[in-house]
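So the chains spell out like this:
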Amino acid sequence: MTAQSDICLAVPQFASRLAALRHSLASKGQDALVIFSLDNLRYLVNYAGEAAYGVLTANSMYLITDYRFVEQAQEECVQCDVVCRDRDRQSLGEAIAVLLESDGARKVLFESEHISVALWQGVAKANPCVGFAASGALIEQQRKQKDAWEVAQIRRAAAIADAALARLLPQLTLGVSERDMALELDYQMQALGAEGLSFATILGFGARSALPHCIPSRRTLQAGDLVLIDFGAVVNGYRSDMTRSYVAGRADARQQGMYDTVFGAQAAALATLRAGLPAQRADAAASAVLQASPFGQYAGPGLGHGVGIKLHEQPYIGPHCTETLQAGYVVTIEPGLYMANYGGVRLEDDVLITDDGYELLTHAPKLFELPL
């Protein structure tokens, strides 16, 4: 099935997202919403390009772009009208004004966190009769709960990552470099069908595995090294995010203790997950295992985050999280230990919250010792 066929199947979901957002606007007494986030445009109308802005009213959804992206927008977008702006003759503010006026919108929310002050001043000047107010994270809040189509894309991205790691592991032999292994993993994900990488692959050997976001270097794998690999694939704009940790050869007592502690912390957190659970409880369960171990001082703060169109989405699960988990949330559970100048261990999986528990979306085995 092609990506475009997948989108055709998802048209009802896109319509539902717009309907839910219109309901939120109406409940706030607002006539329209001006959208500046490309991630939110991808969520609402499937646009995957650049240089675009959205205007949602009670009756219409518009995407404003220019000649460089208009054909792409017309091909990709669903449930919206594409407007091609002549940048030499019409400012963005003037283009927005035409659309707001055509739908009689006077009370309008806008995504203040996704626009520069200079650009916003131009938009406001061109719309003197409009009462603007910041929208806050209106769409991001809606994005937390994934529909069945969104979950299917994340599941496919996770399956690609699982398969790519399985192809990589036999190549993790003494003398290979972090950089070469990261490049190989990236290649395998795209060879298996990923449209891109969730983020720049994190891969570290030895003491460098203690860097939570290690940039792969030319450091080579030595016997006894800890190995940390954090990576993900993208399918139809949706991301996976997984971490596995290994040791090159036989683990010593400290390495095995670190791994067992992280494994136990993740298992404790997973055991608490279900719809209606305060997310903070999952963090507390993992933290209790980490802090009861000899390695508590090396524990990384926080437990995980939502994942979807963006790598890091709401909710952010940590000791200060006030979120109650809901069915349809996709979150990472990723406790870790990071011992400077020695090495680190992290295990991370993508998890779908369900009414009665959870479903793992990432399935790569959690073996620890790599055969030499």
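The following refers to the structure shown. Think of each chain on its own: its residues are numbered from 1, step by step along the sequence as written. Two thresholds apply to this predicted model, a pLDDT of at least 70 for residue-level local features and 80 or more for giving and counting side-chain atom pairs, whereas whole-chain, interface and lining totals are computed over all residues. Think of the side-chain values as coming from all heavy atoms in the structure, minus any hydrogens and water.

### Description of the sheet that holds strand β9 (residues 226-231)
For step 1, the next point in the chain: On the basis of which strands lie adjacent, the open sheet formed by four strands has the order β8-β9-β12-β20 and mixed pairing. Bordering the open sheet on either side are β8 (202-205) and β20 (369-370), each of which pairs with just one other strand.
For step 2, the next point in the chain: Running over the sheet, helix α9 (residues 178-191) touches β8 and β9 and is turned about 145° from β8. Following DSSP output, two strands are said to pair if at least two bridges run between them. In DSSP terms, a helix is any run of H or I states spanning at least four residues, a strand is any run of E spanning at least two, and both are numbered starting from the N terminus. We call two residues in contact when some of their heavy atoms are within 4.5 Å. Working convention: axes come from line fits to C-alpha atoms, limited for helices to the stretch in contact. Angles between N-to-C directions cover 0 to 180 degrees.

### Observations concerning the packing of helix α2 (residues 11-27) against helix α3 (residues 38-45)
How two helices pack is summed up by the angle between their axes together with the distance between the axes.
For step 1, the next point in the chain: Axis separation between α2 and α3 bottoms out at 7 Å; the angle between their running directions is 115°. Each of Phe-14, Arg-17, Leu-18 and Leu-21 in α2 lies in contact with α3, whose residues at this interface are Arg-42, Tyr-43, Leu-44 and Val-45.

### Some thoughts on unusual backbone geometry
For step 1, the next point in the chain: Here the residue pair Gln-314 and Pro-315 is connected by a cis peptide bond, since its omega of 5° sits within 30 degrees of zero.
For step 2, the next point in the chain: Of note, Pro-315 is situated in strand β14 (residues 313-317).
For step 3, the next point in the chain: Of note in the backbone geometry, Gln-79 takes a positive phi value of approximately 60° without being a glycine.
For step 4, the next point in the chain: Here Gln-79 lies in the loop between α4 (70-76) and β4 (81-84).
For step 5, the next point in the chain: Between buried and exposed lies partly exposed: a residue is buried under 20% and exposed over 50% of the maximum accessible area for its type, with that area taken using a 1.4 Å probe on protein chains only. In this structure Gln-79 comes out as partly exposed when scored by relative accessible area, which is 39%.
For step 6, the next point in the chain: The phi torsion at Asn-236 lies on the positive side, around 50°, for a residue other than glycine.
For step 7, the next point in the chain: Inspection of the secondary structure puts Asn-236 in the loop between β10 (233-235) and β11 (238-239).
For step 8, the next point in the chain: With a relative accessible area of 5%, Asn-236 lands in the buried category.

### A few points about the nonpolar core
For step 1, the next point in the chain: The nonpolar core is taken to be a set of buried Ala, Val, Leu, Ile, Met, Phe, Trp, Tyr and Cys residues, with the residues joined through side-chain atoms within 4.5 Å. Within the largest apolar cluster, 34 residues are counted, with the highest numbers of intra-cluster contacts made by Leu-33, Leu-44, Val-45, Tyr-47, Met-61 and Leu-63.
For step 2, the next point in the chain: Among residues more than four places away in sequence, those in contact with Tyr-47 are Leu-38, Leu-41, Arg-42, Ala-52, Leu-63, Thr-65, Phe-69, Gln-72, Ala-73, Glu-76 and Cys-77.
For step 3, the next point in the chain: Counting 30 residues, the second-largest nonpolar core is a separate cluster that includes Leu-226, Val-247, Ile-317 and Val-345.

### Considering the packing of aromatic side chains
For step 1, the next point in the chain: Centre distance within 6.5 Å is the pairing criterion for rings of Phe, Tyr and Trp, where only the six-membered ring of Trp is used; planes under 30 degrees apart are then read as stacked, over 60 as edge-to-face, and the remainder as tilted. One pass over the structure, following the stated rule, counts nine aromatic pairs.
For step 2, the next point in the chain: Here the aromatic rings of Phe-36 and Trp-120 are separated by 6.5 Å at their centres, their planes lie at 85°, and the arrangement is edge-to-face. Taken together, the residues span a long stretch of sequence, with Phe-36 in the loop between β1 (32-35) and α3 and Trp-120 in helix α6 (residues 117-126) at a distance of 84 residues. When sorted by exposure, Phe-36 lands in the same class as Trp-120, which is buried.
For step 3, the next point in the chain: Here the aromatic rings of Tyr-259 and Phe-368 are separated by 4.2 Å at their centres, their planes lie at 20°, and the arrangement is stacked. Here Tyr-259, found in helix α10 (residues 253-272), pairs with Phe-368, found in the loop between β19 (357-360) and β20; they are 109 residues apart in sequence, far enough to count as distant.
For step 4, the next point in the chain: In this scheme, the term charge over a ring applies when either NZ of a lysine or CZ of an arginine sits within 6 Å of the ring centre and within 35 degrees of the ring normal. Just above the ring of Tyr-342 sits the side chain of Arg-254; from NZ or CZ to the centre is 3.7 Å.

### Things to note about the pairing of strand β3 (residues 61-65)
For step 1, the next point in the chain: Extensive coverage of β3 is indicated by the burial of five of its five residues.
For step 2, the next point in the chain: Alternating positions in β3 separate into two faces, Met-61, Leu-63 and Thr-65 on one and Tyr-62 and Ile-64 on the other, with burial throughout.
For step 3, the next point in the chain: Two successive antiparallel strands, strand β2 (residues 53-57) and β3, enclose a turn made up of three residues.
For step 4, the next point in the chain: Note: β3 against β4, four bridges, orientation parallel. Paired with Ile-64 across the two strands is Val-83, which belongs to β4.
For step 5, the next point in the chain: For the segment spanning β3, α4 and β4, crossover handedness is right-handed. The path from the first strand over the helix to the second decides the hand: if it runs clockwise while the strands point away from the viewer, the crossover is right-handed.

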